[in-house]
Amino acid sequence: MKFSYNWLQDFFEETLPDAEVVAEKLGLHSFELEELEKTDNDYLIDIDVLPNRSSDCLCYMGIAQEISTIFELPLKNYAPKQPAQTAGSIDGLLTTPISDAVIKNSDVHVVSAQIATDVTVAQSPEWLQTKLESIGQKSINNVVDITNYVMHVTGQPVHAFDYDKLSGQSPKQLGIRYAENGEELTDLTGAQHTLSESMMVLHDGNRALDVAGIKGGLDSGVSDETKTVVLSACVFDYLSVRQTSRALKLQTDASKRFENEVPVVKNNMAMDLFAQLLIDEAGAQVTDKIRYDDETQNNTGLEIQLTAQEINSVLGLDMTESEITAILERVYCQVQLEGSNFVVTTPPERLDLQIKQDIIEEVGRIYGYYNMQPKAISEGFNLPQTNTFIDVRNRTVDSLVQLGFYQANSRSITNNTQVELANPFNSDATTMRNNLLDSLQRRVERNFVHTETPCFFEIGKVFTGVVDGVVQEHWSFAGVLGRKKIKEKQKNDLFLQTKGVLETLFELLSVQGIKWKDGQGDTTAILEINGNILGSVGVNWWELNFEELVAAIDTTVSYVKPSKYPKMDRDVAVFVPMNAKIQDVRELIDSVGVEKCISVDLFDVFEDKENNRKSLGFRFVFQCYTETLSDEWTNGQMDKVYKKLSEQDGFEIR
């Protein structure tokens, strides 16, 4: 919004600093400076007033207050006094009925009306034309120009109606209601608008006169023949005006202000200025006012409590209570000190000051962020507690994506399961899913058109039944290694690949103690952990209880000093029966109690189908923290392993 430097000077007795200095300081303390434009005998300061400051700063009074605060310059007493009543009472001349629906929705906060008689509509005085032209406003006549002037000075839009054009006999109506669907209105520019029942209008009991808060109507507009004017200043709900403005694709200076909330406290000020200017510049006489107030609206400011310690802690300053008080009073707050607490009453037009953090920000911006020096942090930090479930879930997702899987997110609503919906969406969505695998299998089928090996996984809630009226639910974890057709001879290799994916994941997540048990039917294996069933694994799929998996993870982190002595490696290969499980063989090795062995890893599997046996290769790694191990000692430990394996039926050391 552009502001005239010369016009701003009218609000001060003292001469303002140069326009460049004023613009720079406004940019540093209050708003983003868009441009400083030099005209013939003036400067236009173009600043970006953001929505949080629109309630008080989309007008000259607000910007003048900002300049007064920043430069500590006193303002003139610019608040207009209520003009003397010279045209009698408004009673019997005008009523302002508001529909029950509008009141119920609180779409109107304030309605003020007054009548000016003996009005002379003429060309505006030079001072008024100059001010409006300085900000790009075209002069129309003294009455219309005064409405624009009042809005730009106070931020409260006002409107003038030709009293004689209102329908009916005295007392005439200037009411507010919602429009009827399809109701037509022609605005002051001649444009026609079709209204809907959600849009508010001002009316005279017979027809709509204008779109409330946005644009006046042509039928009741002021003309050269106007002698009696209805002065109107309303405060409409910002949301209602915004919705109407968007629906009609019509934005005006008035609607811009209403959309950003006009403080109710500005209403009287605007009406008094409006009336006084009509007296001074149009020779009018005025009646008293009629006014409606929505009692739910606050027009006295808020009371916010905070301490100097809170302010200094956030800003990194060491300001005294008197320094803080001085700054807050500069921004027109009322300040009382109760013990160590500041009790701050905000200016009623500052709708952006709602919580203590807003007050702290006010202190910081007036103090000047550029004046704040770097300061070492003295307070300690408390590390937030890790949410183990979320951490494991995120690591699971990352790990499987790195292994070539895609994450799926399926609908939890399905059909033909145990947990029924009380209000189903349709006949195909009546129950909650009891597994993830079904939807993953369908997803794999759909993706065969893109790839021959689509791999998907999902982590999500499943709902397995209802016990004593309580739905049984838990987080499940499923995955599928998609293949178009799995031949019998491929099943073993594919299962080992599936098992490899899971064991790699378990190792990355530090899951220990999982036992693989034989499955039945399509289930190749059952996984157990801590005596509980973790889930099932097929040839190319798995579905596990993710909550049980997370619960089994030991999140304790321990650090061991690395040994400075070298490692010793030994390998052993052993023939075992074809049906022997690797896990059983590994447990057999562990039962030997080999000393100083830091790891045992399976590195080779070879199947000798002719003799119905298979060869397993294990690598042992030995290391000591106090000395270098000898070959003789290491070989002695391996002899224990050879002896134990050789004693088993069907086992043969290669």
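Analysis parameters
Residues numbered from 1 in each chain as written. Predicted model: local features only at pLDDT ≥ 70, side-chain atom pairs only at ≥ 80, totals over all residues. Heavy atoms only, no water. Pairing = 2+ DSSP bridges. Helix = DSSP H or I, 4+ residues; strand = E, 2+ residues; numbered from the N terminus. Contact = heavy atoms within 4.5 Å. Axes fitted to C-alpha atoms, helices over the stretch in contact; angles between N-to-C directions. Salt bridge = Lys/Arg side-chain N within 4 Å of Asp/Glu carboxyl O. Buried < 20%, exposed > 50% of the residue type's maximum accessible area, 1.4 Å probe, protein only. Disulfide = S-S within 2.5 Å. Phe/Tyr/Trp six-rings, centres within 6.5 Å; stacked < 30°, edge-to-face > 60°. Lys NZ or Arg CZ within 6 Å of the ring centre and 35° of its normal.

Caption draft 1: Spotlight on the sheet that holds strand S29 (residues 541–545). Across the sheet, seven strands lie side by side as S20-S24-S25-S29-S28-S27-S26; this open sheet has mixed pairing. Because the sheet does not close on itself, it has two edges, and the strands there are strand S20 (406–407) and strand S26 (514–518). Relative to S29, strand S25 (residues 470–481) runs antiparallel, the two being bridged by five bridges. When the sheet's bridge partners are listed, Phe477 is paired in S29 with Leu544. Against the sheet, helix H15 (residues 437–446) touches strand S24 (455–467), S25 and S29, its axis set at about 30° to S25.

Caption draft 2: Broad picture of the sheet that holds strand S33 (residues 652–653). Pairing is antiparallel across the open sheet formed by four strands, whose spatial order is S31-S32-S30-S33. A strand with exactly one partner marks an edge of an open sheet, and here the two such strands are strand S31 (597–608) and S33. Inspection of the sheet shows strand S30 (residues 568–577) paired to strand S32 (residues 613–622) by ten bridges, in the antiparallel sense. Residue pairing for S32: Pro577 is matched across the bridge by Arg613. Where helix H19 (residues 631–646) meets the sheet, its contacts fall on S30, S32 and S33, and the angle it forms with S30 comes to roughly 10°.

Caption draft 3: Spotlight on the pattern of salt bridges. Throughout the structure, instances matching the rule amount to 30 salt bridges. One salt bridge in this structure joins Glu72 and Arg330, with 3.8 Å as the shortest N-O distance. Within this pair, whereas Glu72 is found in the loop between helix H4 (60–71) and strand S4 (94–95), its partner Arg330 is found in helix H12 (residues 321–330), the two being separated by 258 residues in sequence. Residue classification places Arg330 among the partly exposed positions, given a relative accessible area of 23%.

Caption draft 4: How the structure looks around the state of the cysteines. In total, this model carries zero disulfides according to the counting rule given. Summary of cysteine pairing: Cys333 is not part of a disulfide, and the nearest cysteine sulfur, belonging to Cys57, is at 13 Å.

Caption draft 5: How the structure looks around unusual backbone geometry. Of the consecutive residues Ser170 and Pro171, the connecting peptide bond is found in the cis state with omega at 0°. In this fold, Pro171 is placed in the loop between strand S6 (159–162) and strand S7 (172–173). Of note in this structure, Asp468 is not a glycine but carries a positive phi near 55°. With respect to the helices and strands, Asp468 occurs in the loop between S24 and S25. For Asp468, a relative accessible area of 79% corresponds to the exposed category. Unusually for a residue other than glycine, Asn612 sits at a positive phi of about 55°. Its location among the elements puts Asn612 in the loop between S31 and S32.

Caption draft 6: The arrangement of the side chain of Gln137 in detail. Examined against the element boundaries, Gln137 turns out to sit in the loop between helix H6 (126–134) and helix H7 (142–154). For Gln137, a relative accessible area of 18% translates into the label buried. Beyond its immediate stretch of four places on either side in the chain, Gln137 contacts Leu132, Asn148, His152 and Asp253.

Caption draft 7: Structural context of the environment of Val286. Mapped onto the elements of the fold, Val286 is located in strand S15 (residues 285–286). Overall, the relative accessible area of 0% leaves Val286 in the buried class. Distance from Val286 to Asp522, taken between C-alpha atoms, is 93 Å for residues 236 residues apart in sequence. Beyond its immediate chain neighbours, meaning those up to four positions away, Val286 contacts Pro83, Ala84, Gln85, Thr86, Ala87, Gly88, Gln114, Ile115, Ala116, Ala275 and Ile279.

Caption draft 8: The arrangement of the packing of aromatic side chains in detail. Evaluated as defined, the whole model comprises 15 aromatic pairs. An angle of 75° between the planes, with centres 5.0 Å apart, marks the rings of Phe3 and Tyr60 as edge-to-face. Placement of Phe3 in strand S1 (residues 2–4) and of Tyr60 in helix H4 is noted, with a sequence separation of 57 residues between them. Geometry around Phe575 places Arg613 over its ring, the cationic atom sitting 3.6 Å from the centre.

Caption draft 9: Local environment of the pairing of strand S3 (residues 43–48). Strand direction decides the pairing type here: S1 and S3, joined by three bridges, are antiparallel. Bridge pairing links Phe3 to Ile45 in S3. Direction of pairing for strand S2 (residues 32–38) relative to S3: antiparallel, over a ladder of six bridges. Within S3, the position partnered with Glu32 by the bridge is Asp48. Here S2 hands over to S3 after four residues, the two strands then running antiparallel side by side.

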